[in-house]
Amino acid sequence: DAGVIQSPRHEVTEMGQEVTLRCKPISGHDYLFWYRQTMMRGLELLIYFNNNVPIDDSGMPEDRFSAKMPNASFSTLKIQPSEPRDSAVYFCASSLAQGYSYEQYFGPGTRLTVT
Amino acid sequence: GESVGLHLPTLSVQEGDNSIINCAYSNSASDYFIWYKQESGKGPQFIIDIRSNMDKRQGQRVTVLLNKTVKHLSLQIAATQPGDSAVYFCAETSYNTDKLIFGTGTRLQVFP
């Protein structure tokens with residue numbers, strides 16, 4: 001298994017531009033999570049999906065952020081327009097709903113720099 | 001204004017010694033806990049978990065201890081190796097949510 005795949009690994013963009021981050025979860029996993037990691041705030045949950053349906057988006061900072069999961073093997077996190085304070089590492093994670101287990105498998109992350 | 005970043009506590013240990021990393025969790029209703037390891041440039045990686053009906057669980061070279069009375073977790077790493085150098089996070093959750101709440105992390109540095 002290739003694990004959780006994220007692309008791009010690095011993204012540098014100018015303020016005001018649209019940014020799209022992509023994630024392919026582990027095949028068969030029911031849950032997909034988007035996190036943001038910064039030195040200021042640590043690791044924060046932005047949104048998560050169960051069976052492609054958004055369950056909790058209370059961590060999404062503002063309307064500039066949106067996430068979709070059109071099918072079980074693909075999700076996107078979009079920032080439009082981007083701002084310098086969005087600079088962070090964005091992680092996607094997936095997990096399998098299997099009894100009472102919460103092991104989440106993380107991707108390598110996308111390092112976003114907004115100038 | 002001036003921005004202040006998280007100041008990660010750092011534990012420095014000599015190779016071969018045992019390491020103990022501590023975590024105070026926030027929610028008394030949490031009943032499941034996980035330790036993650038994050039190496040530089042990588043995503044967090046699962047190490048070991050423990051449910052609230054246990055106070056100790058052992059893995060390969062790692063042991064997690066849970067003290068629900070004071071809401072405290074610890075991760076013990078035996079015979080620490082250079083490859084153990086990373087940031088370690090505890091995470092908590094409960095049966096009625098799918099969300100993990102991560103702590104701020106502790107940086108472990110192993111020196112020869």
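All values derive from a computational prediction rather than experimental measurement.

Considerations on the interface of chain B and chain A
Okay, step 1: Taken together, the contact pairs 24 residues of chain B with 24 residues of chain A.
Okay, step 2: Summing the contributions of chain B and of chain A, the shared interface buries around 2000 Å²; its carbon and sulfur component is 56%.
Okay, step 3: On inspection of chain B and its partner chain A, the count reaches one salt bridge.
Okay, step 4: Its salt-bridge partner being B:Lys99, residue A:Asp56 comes within 3.0 Å of it at the nearest N-O pair.
Okay, step 5: Taken together, the links from chain B to chain A amount to five residue pairs in polar contact (both at pLDDT 80 or more).
Okay, step 6: Top element by residues in the side of chain B that touches chain A is strand S3 (residues 32–38) of chain B. It accounts for four residues.

Considering the sheet that holds strand S5 (residues 56–58) of chain B
Residues and elements named next belong to chain B.
Okay, step 1: The four strands lie next to each other as S2-S7-S6-S5, forming an open sheet whose pairing is antiparallel. Of all the strands in the sheet, the pair left with one neighbour each is strand S2 (19–24) and S5. Within this sheet the neighbouring strands show an average axis-to-axis angle of 15°, counted without direction.
Okay, step 2: Inspection of the sheet shows S5 paired to strand S6 (residues 62–67) by three bridges, in the antiparallel sense. For Gln 58, the partnering residue across the bridge sits in S6 and is Thr 63.

Structural notes on the layout of surface pockets
Okay, step 1: Size it by volume and the largest pocket reaches roughly 530 Å³.
Okay, step 2: Lining the largest pocket are 25 residues, and of these A:Gln37, A:Val89, A:Arg111, B:Gln38 and B:Gly41 lie nearest its centre.
Okay, step 3: Of all the secondary-structure elements, those providing two or more residues to the lining of the largest pocket are strand S4 (31–38), strand S9 (88–95) and strand S11 (110–114) of chain A together with strand S8 (86–93) of chain B.
Okay, step 4: Among the elements that take part in the lining of the largest pocket, S8(B) stands out by supplying three residues, more than any other.
Okay, step 5: Taken together, the residues that form the lining of the largest pocket break down as nine nonpolar, eleven polar and five charged.
Okay, step 6: Considering only enclosed or pocket space, the second largest pocket measures out at about 240 Å³ in volume.
Okay, step 7: Taken together, 16 residues make up the lining of the second largest pocket; nearest its centre are A:Tyr105, A:Phe106, B:Gly43, B:Pro44 and B:Gln45.
Okay, step 8: Of all the secondary structure elements, the ones that give two or more residues to the lining of the second largest pocket are strand S10 (105–106) of chain A together with strand S4 (45–51) of chain B.

Each value, and the rule that gives it
Residues numbered from 1 in each chain as written. Chains lettered and ligands numbered in written order. Predicted model: local features only at pLDDT ≥ 70, side-chain atom pairs only at ≥ 80, totals over all residues. Heavy atoms only, no water. Contact = heavy atoms within 4.5 Å. Buried area = accessible area lost by both parts, 1.4 Å probe. Salt bridge = Lys/Arg side-chain N within 4 Å of Asp/Glu carboxyl O. Polar contact = N/O pair within 3.5 Å; in protein donor to acceptor, adjacent residues only side chain to side chain. Helix = DSSP H or I, 4+ residues; strand = E, 2+ residues; numbered from the N terminus. Pairing = 2+ DSSP bridges. Axes fitted to C-alpha atoms, helices over the stretch in contact; angles between N-to-C directions. 1 Å grid on protein atoms, 1.4 Å probe; cavity = no way out; pocket = protein on both sides within 12 Å on 5 of 7 lines; lining within 4 Å. Points joined across faces, edges and corners; volume = space filled by probe spheres on them. Nonpolar A, V, L, I, M, F, W, Y, C, P; charged D, E, K, R; others polar.

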